[in-house]
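Below are the chains, spelled out letter by letter.
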Amino acid sequence: MLAEVLDRVRLGGTLLFHFELGRPWSLGLAQRPYALFHYLSRGSATLALQQGQELRMTEGDFVVLTRGEPHVIYSDRRMKPLPVLDLDRPPTHHGVVRHGGGAQPLSTMICGNFTVARPSRGSLLELLPPVLLLKPTEDGGWLEAILQRMVSESAVERPGQGIALSRLTEVLFVEVLRSWIKSLGPGEGGWVGAMADPHIGPALQLIHEQPDRPWTLGDLGRRVGLGRSAFSARFTRLVGQSMGRYLIARRMTEAALLLESSDEGIARIASQVGYETAASFSKLFRRHHGVSPGRYRATRHSDSDRN
């Protein structure tokens, strides 16, 4: 099920900077409309958020700011931060940027972003915590291998570099999700975490495979071996919302995909996601996405034409 979701959200990403940093140094990043990541391949640093939270980063640490929150990364808190946007360069140029006082020891760091082309309620990025810190693993896993490859790829400009870094960033996002999912405890991570539950996982699978079916708590409960009340309580506790609300959200996500990828009429799409009338479907769609199905389709097609 996760593979299906990842395939549909159209993941993207870009490596923005490869820094060599001599002490003292300080970098400031303003609010961005996408997730930001930093990988400290050498040295140490402190990442400070506006609300006062601080993370001490050591060599090999990887941090994702899933909401693109403004923050500062520094070796010395007394130094005035240099706004990173002042260093913007054409996206095809990924050479090393040197910054700071030049004193040893040097730190090296790569920074980039993750994007989701179809953001929606309950999207993967929304389920992740606002700040995610991943430590290097003793087994030298895929996450670290990908990051090290990105460091070496970005150090020297070569043909096809931008495409290679973009693809590596997409794979990196998948590895971040895997590492996060592995760390989840019971009741954490919304529907992603609930997929591991022996009862709720199969129920989620059924909803995703057949969102048009008129599922009830009793139906799904029986299919996964639980009574209605026990299933309802377990679903809400693990997923973070009731089965009914989750089913509607799933249908609205499927409908949005159909509006983007097909020329089917609104009534036909309504039927495909479980609604007898276009009117009832359109009302729920507007409530969920903020626009009518027709307007949503027109806007997405217009955006696609511009790209």
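Relevant structure appears above.
Description of the structure in this document. None of the values given here were measured: they were computed from a predicted structure. (Residues numbered from 1 in each chain as written. Predicted model: local features only at pLDDT ≥ 70, side-chain atom pairs only at ≥ 80, totals over all residues. Heavy atoms only, no water.)

**Side note on the overall build of the chain**
Now for step 1: Helix and strand counts for the chain stand at 12 helices and 11 strands.
Now for step 2: A burial count over the chain gives 46% of its 307 residues as buried.
Now for step 3: By sequence separation, contacts in the chain at least 24 residues apart represent 73% of the contacts at least 6 residues apart.
Now for step 4: Accessible surface, the chain as shown: approximately 15,300 Å² in total, 52% of it carbon and sulfur. (Helix = DSSP H or I, 4+ residues; strand = E, 2+ residues; numbered from the N terminus. Buried < 20%, exposed > 50% of the residue type's maximum accessible area, 1.4 Å probe, protein only. Contact = heavy atoms within 4.5 Å. Areas by Shrake-Rupley, 256 points an atom, 1.4 Å probe, with all protein chains shown as cover.)

**Description of the layout of surface pockets**
Now for step 1: Reported here for the second largest pocket is a volume of approximately 380 Å³.
Now for step 2: Together, 18 residues line the second largest pocket, and Lys135, Thr137, Leu143, Ser179 and Lys182 are the ones closest to its centre.
Now for step 3: Sort the elements by how many residues they give to the lining of the second largest pocket and helix 4 (residues 161–183) lands first, with five residues.
Now for step 4: The class makeup of the residues in the lining of the second largest pocket is seven nonpolar, five polar and six charged. (1 Å grid on protein atoms, 1.4 Å probe; cavity = no way out; pocket = protein on both sides within 12 Å on 5 of 7 lines; lining within 4 Å. Points joined across faces, edges and corners; volume = space filled by probe spheres on them. Nonpolar A, V, L, I, M, F, W, Y, C, P; charged D, E, K, R; others polar.)

**A closer look at the nonpolar core**
Now for step 1: Judged by nonpolar contacts, the single largest core of 44 residues is most densely connected at Phe62, Phe114, Met150, Leu172, Val176, Phe231 and Phe235.
Now for step 2: Among the elements that make up this core, the one with the highest residue count is helix 4 (seven residues).
Now for step 3: Residue contacts for Met150: discarding those within four places in its chain leaves Leu15, Phe37, Ile110, Leu165, Leu168, Thr169 and Leu172.
Now for step 4: In terms of nonpolar packing, the next biggest core, distinct from the first, is built from 21 residues, Phe19, Leu27, Met57 and Ile73 among them. (Core = buried A, V, L, I, M, F, W, Y, C linked by side-chain atoms within 4.5 Å.)

**Regarding the packing of helix 6 (residues 200–209) against helix 7 (residues 217–224)**
Now for step 1: In the contact formed by helix 6 and helix 7, the axes pass within 9 Å of each other and the chain directions differ by 125°. Viewed along their axes, helix 6 and helix 7 adopt a mutual orientation that is oblique. In this structure, helix 6 meets helix 7 at a crossing whose hand is right-handed. Residue-level contacts link Pro202, Ala203, Leu206 and Ile207 of helix 6 to Leu220, Arg223 and Val224 of helix 7.
Now for step 2: Its residues assigned to classes, the contact of helix 6 with helix 7 shows six nonpolar, no polar and one charged. (Axes fitted to C-alpha atoms, helices over the stretch in contact; angles between N-to-C directions. Parallel < 35°, antiparallel > 145°, perpendicular 65-115°, else oblique. Left-handed = near helix turned anticlockwise from the far one by under 90°.)

**Brief notes about the pattern of salt bridges**
Now for step 1: In this structure the tally under the stated criterion is 11 salt bridges.
Now for step 2: With a closest N to O distance of 3.3 Å, Arg98 and Glu20 form a salt bridge. Taken as a pair, Arg98 in strand 9 (residues 96–100) and Glu20 in strand 1 (residues 11–23) lie far apart in primary sequence, 78 residues in all.
Now for step 3: A relative accessible area of 21% places Glu20 in the partly exposed class.
Now for step 4: For Glu153, the salt bridge is made with Arg149, and the minimal N-O distance between the two is 3.1 Å. Of the two residues, Glu153 and Arg149 are both situated in helix 3 (residues 142–155); the distance of four residues between them amounts to about one turn of the helix.
Now for step 5: Residue classification places Arg149 among the partly exposed residues on the basis of a relative accessible area of 40%. (Salt bridge = Lys/Arg side-chain N within 4 Å of Asp/Glu carboxyl O.)

**With respect to the environment of Val97**
Now for step 1: Relative to the helices and strands, Val97 is located in strand 9.
Now for step 2: Along the sequence, Val97 and Met109 sit 12 residues apart, while their C-alpha atoms lie 9.9 Å from each other.

**Brief notes about the packing of aromatic side chains**
Now for step 1: Counted under the stated rule, the structure contains nine aromatic pairs.
Now for step 2: Pairwise contacts between aromatic rings join Phe37, Phe62, Phe114 and Phe173 into one cluster.
Now for step 3: Note that Arg213 overlies the ring of Trp215, its terminal NZ or CZ placed 4.4 Å from the centroid.
Now for step 4: Here Arg251 stacks its cationic end above the ring of Tyr275, 5.0 Å away from the centre of that ring. (Phe/Tyr/Trp six-rings, centres within 6.5 Å; stacked < 30°, edge-to-face > 60°. Lys NZ or Arg CZ within 6 Å of the ring centre and 35° of its normal.)

**A few points about the pairing of strand 5 (residues 54–57)**
Now for step 1: Residues of strand 5 alternate between two faces, with Leu55 and Met57 buried on one and Glu54 and Arg56 left unburied on the opposite face.
Now for step 2: The pairing of strand 4 (residues 45–49) with strand 5 spans four bridges and is classified as antiparallel. Bridging across to strand 5, Ala48 finds its partner in Glu54. (Pairing = 2+ DSSP bridges.)

**Notes on helix 9 (residues 243–261)**
Now for step 1: The end-to-end C-alpha distance of helix 9 is 27 Å, a good match for the 27 Å that 19 residues give at a rise of 1.5 Å each.
Now for step 2: Here helix 9 lies mainly inside the structure; 14 of its 19 residues are buried. (Expected span 1.5 Å × (residues − 1).)

**Structural notes on unusual backbone geometry**
Now for step 1: Omega for the peptide link from Arg23 to Pro24 comes to -10°, which places this bond in the cis form.
Now for step 2: By secondary structure assignment, the location of Pro24 is in the loop between strand 1 and strand 2 (26–29).

**Some points on the sheet that holds strand 4**
Now for step 1: Across the sheet, five strands lie side by side as 5-4-7-2-8; this open sheet has mixed pairing. Of all strands in the sheet, those bounded by a partner on one side alone are strand 5 and strand 8 (82–83).

Function cannot be read off these values alone, since they describe shape.
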